[in-house]
Amino acid sequence: MASVPAVSAGLPDPTLLLADAPRVRAALDSAGWSAGALDDLLGVTARTHLDRDELAPVLRRTRDRSPLATLARLFVAGVAVDDTDARAAGVPASWLLADGSAAIRLQPVAHGGVEVTVPHDAGRAAAGVHPEQVLGVGAASLTLAAATPRRTVARVLDLGTGCGIQALLAEDHADVVVATDRNPRAVAFTALAAALAGVDIDARSGDLLEPVAGEQFDLVISNPPFVVSPGARYTYRDSGLDGDEVCRRLVHDLPSALAPGGIAVLLVNWLHIEGEDGDERVRGWFAGNGCDGWVVQRELAAPEDYVTAWLRDTDEGSRFDRLYDEWVDWFEQRRVEAVAFGVLAMRRRTDGSGSVVLEDVVQTVAATWGDEVLDHFARRDALATDLLDICWRLRDDVRLHQVASRDDDGWLVESSVLQQSAGLRWSGGTDDHGAALLAACDGTMPLRTLFALLAAGAGIPESEAVGQGLPVVRRLVEQGFLVP
Ligand SMILES: C[S@@+](CC[C@H](N)C(=O)[O-])C[C@H]1O[C@@H](n2cnc3c(N)ncnc32)[C@H](O)[C@@H]1O
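Presented here is a report on the structure given in the accompanying data block. (Residues numbered from 1 in each chain as written. Predicted model: local features only at pLDDT ≥ 70, side-chain atom pairs only at ≥ 80, totals over all residues. Heavy atoms only, no water.)

Remarks on the site of the ligand
Part 1 of the argument: Looking at the ligand, there are 17 residues lining it, with Ser 141, Gly 160, Asp 181, Asp 207 and Leu 208 nearest.
Part 2 of the argument: One of the side-chain nitrogen or oxygen atoms of Ser 141 is found 2.7 Å away from an oxygen atom of the ligand.
Part 3 of the argument: One of the side-chain N or O atoms of Asp 181 is found 2.6 Å from an oxygen atom in the ligand.
Part 4 of the argument: For the ligand, whose unbound accessible area comes to 590 Å², protein coverage reaches 93%.
Part 5 of the argument: By residue class, the composition of the shell around the ligand is five nonpolar, nine polar and three charged. (Near = heavy atom within 4 Å. Polar contact = N/O pair within 3.5 Å; in protein donor to acceptor, adjacent residues only side chain to side chain. Areas by Shrake-Rupley, 256 points an atom, 1.4 Å probe, with all protein chains shown as cover. Nonpolar A, V, L, I, M, F, W, Y, C, P; charged D, E, K, R; others polar.)

Details of the pattern of salt bridges
Part 1 of the argument: Scanning the entire structure with this criterion turns up 29 salt bridges.
Part 2 of the argument: The salt bridge partner of Asp 83 is Arg 87, with a shortest N-O separation of 2.9 Å. One end of the pair, Asp 83, and the other, Arg 87, are both in helix α6 (residues 83–88), four residues apart, so they sit about a helical turn from each other.
Part 3 of the argument: According to the relative accessible area criterion, Asp 83 is partly exposed, its value standing at 35%. (Salt bridge = Lys/Arg side-chain N within 4 Å of Asp/Glu carboxyl O. Helix = DSSP H or I, 4+ residues; strand = E, 2+ residues; numbered from the N terminus. Buried < 20%, exposed > 50% of the residue type's maximum accessible area, 1.4 Å probe, protein only.)

Details of the side chain of Ser 222
Part 1 of the argument: Among the secondary structure elements, Ser 222 is positioned in strand β6 (residues 217–222).
Part 2 of the argument: The class of Ser 222 is buried, set by a relative accessible area of 0%.
Part 3 of the argument: A distance of 2.8 Å separates a polar atom in the side chain of Ser 222 from the backbone oxygen of Leu 159.
Part 4 of the argument: With residues near it in sequence (within four places) discarded, Ser 222 still touches Leu 144, Leu 159, Leu 250, Val 265, Leu 266 and Leu 267. (Contact = heavy atoms within 4.5 Å.)

Quick notes on unusual backbone geometry
Part 1 of the argument: Phi at Arg 65 is positive, roughly 60°, even though this residue is not glycine.
Part 2 of the argument: Tracing the chain through its elements places Arg 65 in the loop between α4 (56–61) and α5 (67–77).
Part 3 of the argument: Non-glycine residue Leu 208 carries a positive phi angle of around 40°.
Part 4 of the argument: Inspection of the secondary structure assignment puts Leu 208 in the loop between β5 (202–205) and β6.

A short note on a negative patch on the surface
Part 1 of the argument: A contiguous patch of negative charge, built from Glu 304, Asp 305, Asp 321, Asp 325, Asp 329 and Glu 332, is present on the exposed surface.
Part 2 of the argument: Here Glu 304 lies in helix α12 (residues 303–313).
Part 3 of the argument: A relative accessible area of 37% means that Glu 304 is categorised as partly exposed. (Patch = residues over 30% accessible without salt bridge, like charges linked within 9 Å, V, L, I, M, F, W, Y side chains within 5 Å. Lys, Arg positive; Asp, Glu negative; His and termini not counted. Charge placed at Lys NZ, Arg CZ, Asp CG, Glu CD.)

Quick word on the packing of helix α2 (residues 35–42) against α5
Part 1 of the argument: Close contact between α2 and α5 brings their axes to 11 Å; oriented N to C, the two are set at 95°. Relative to α5, the element α2 lies roughly perpendicular. In this structure, α2 contributes Ala 37, Leu 38, Leu 41 and Leu 42 to the contact, and α5 contributes Leu 68, Ala 69, Ala 72 and Val 76.
Part 2 of the argument: For the contact of α2 with α5, a count of residues per class yields eight nonpolar, no polar and no charged. (Axes fitted to C-alpha atoms, helices over the stretch in contact; angles between N-to-C directions. Parallel < 35°, antiparallel > 145°, perpendicular 65-115°, else oblique.)

Here we look at the pairing of strand β7 (residues 258–273)
Part 1 of the argument: Taking burial as the measure, the 16 residues of β7 include 14 buried ones, the bulk of the element.
Part 2 of the argument: With five bridges joining them, β6 and β7 adopt parallel strand pairing. Looking at β7, one finds that Val 220 is bridged to Ala 264.
Part 3 of the argument: Taken together, β6, helix α10 (residues 245–253) and β7 constitute a β-α-β crossover, and its handedness is right-handed.
Part 4 of the argument: Relative to strand β9 (residues 336–348), β7 is paired through 11 bridges, and the arrangement is antiparallel. Counted as the bridge partner of Val 268 is Gly 342 from β9. (Pairing = 2+ DSSP bridges. Right-handed = clockwise from strand over helix to strand, strands pointing away.)

What follows is the structure, encoded as structure tokens:
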């Protein structure tokens, strides 16, 4: 059987798989390949087993040699199958290695109602990670996907495309998708992903914005190599630039690739250094870039926790202790007190100005919240005008939760909490006046009129109702409870 020769570093060349991608797509379709079908076949914990190199549970569930079982063994478990089984499942010989295993892995991903199949290099557990390895979809990939606005646009750039997951998802809501990466193997994987999906993605090789010089996009998404580490061990993770410089550089340079009004969403790390204000550090990245910024901080990790998490991610085994000391020493030399992780969004303005909002978001957010990015900037525009003139509307997903205890007269409400079920899922306490005001916000009357009615009902001057209520309304708008 003809097979793909492994390249010298032990990694296959994905370009050799391109020609037979349509045959593999046909094999996947005819076997009923999907995220749901594989969960049913393998069990939802299959990936956890495989990450720990526990093959038995997956092998047991794929004993029937059906085409889907064969494809799961080859592309999910990464084990060899019989020549006859591979042929029966429609897998071309060009996709197989000499030992009957597959050259690469395939990962079905269902996200926000869209299903894609992502090709990537073999897993990391026993083999360790190769510097040029192209990983599959991980937690950070899904964090960015969740924060990406899905409004239909003309042109999208996915910078640092890796296995192509962001580009594939963007293809569903864009006319043109350009995907770039410094690692040529990642570019090849993204081209392969597009061929498997039967879609057009313009995959280009090169450093940061260099492959798209002079071009503009309506949406730029990037899960860059944001990890702050000494040296450049892994291309997918380490930029090779010092500290958090890669993120600073992207925030500074990306606006040139944004069309007016265009949006960029990226994952970033930034440093909190002794004697400096970490929040001001990330705010400072926007200086003079002509964009409004929104920084959604999700984590703040102590150096020791940060290093441990990333060393575990690459299964450093016996090297753990040495690398841990080197990395923590490196943080100490730079007086790093913590590393922040967040989603950073920006919108290019046309007047050269811009402001930055930073929020610490520790609560569980909705599974997809990208449209909140667009709504956030729209609300900021409204907040820059006279709030009293606007007919505000309570967002549809907001609910009022009340806790009451019984007293002699019946139920006595002790607390009232507003809760969003969409977006960033903010919650917060309110009182009777606030609840009544929000209930009246149905988009038909300006806030000025609502305050007048409230003041009349409470027997207080209108100016007092406005003075007390306006700051509260402002905060409710900032968090998205009220929308223009
Ligand atoms: C964290 S991975 C993200 C992969 C994929 N987009 C995702 O969301 O899962 C970062 C990617 O950026 C690429 N990369 C690293 N340095 C780069 C650079 N200077 N310019 C462009 N891409 C780079 C890596 O090769 C890698 O594929």
